[in-house]
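# Summary of the model geometry
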Amino acid sequence: MWRNAFWVLALGIIAAYLFFFALGAFGFAEVLPLSLVVAALAVAWAIHAWLQGRTGSDTRDPRLVRARERRGF
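Worth saying up front: this structure is predicted, and the values here are computed from it rather than measured. (Residues numbered from 1 in each chain as written. Predicted model: local features only at pLDDT ≥ 70, side-chain atom pairs only at ≥ 80, totals over all residues. Heavy atoms only, no water.)

### Quick notes on the packing of aromatic side chains
We count it as follows: Two rings belonging to Phe, Tyr or Trp (six-membered ring only in the last case) form a pair when the distance between their centres is within 6.5 Å. Interplanar angles under 30 degrees mark stacking, angles over 60 mark edge-to-face geometry, and anything in between is tilted. Strands here mean DSSP runs of E at least two residues long; helices mean DSSP runs of H or I at least four residues long; both are numbered from the N terminus. Buried, partly exposed and exposed residues are distinguished by accessible area as a fraction of the type maximum, computed with a 1.4 Å probe on protein chains only: under 20%, between the cut-offs, and over 50%, respectively.
For the structure shown, the criterion picks out five aromatic pairs. Seen in terms of ring centroids, Phe6 and Trp7 are 4.9 Å apart; in terms of plane orientation they differ by 70°. Their pairing is edge-to-face. When the ring of Tyr17 is compared with that of Phe21, the centres are 6.2 Å apart and the planes differ by 5°; the resulting orientation is stacked. One end of the pair, Tyr17, and the other, Phe21, are both in helix 1 (residues 2–23), four residues apart, so they sit about a helical turn from each other. Classification of Tyr17 as buried rests on a relative accessible area of 10%. Here the aromatic residues Tyr17, Phe21 and Phe26 are joined through ring pairs into a cluster of three or more.

This is the structure:
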């Protein structure tokens, strides 16, 4: 639960930084330490998303999967 909350929060921080950067609220060099932290967070999130997709961690209920396959969907 806490891991998922961390990754959602990380994605929110990345999105907020990009939003304000796109608005022109600050320049990359003006907030260089923050920019480096957000860049590292974005790389970590991308690696996390890639690994999640690779492992295929399927958390769907097997009963629902069987029911869907039985119906032909």
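There's more to say after this.
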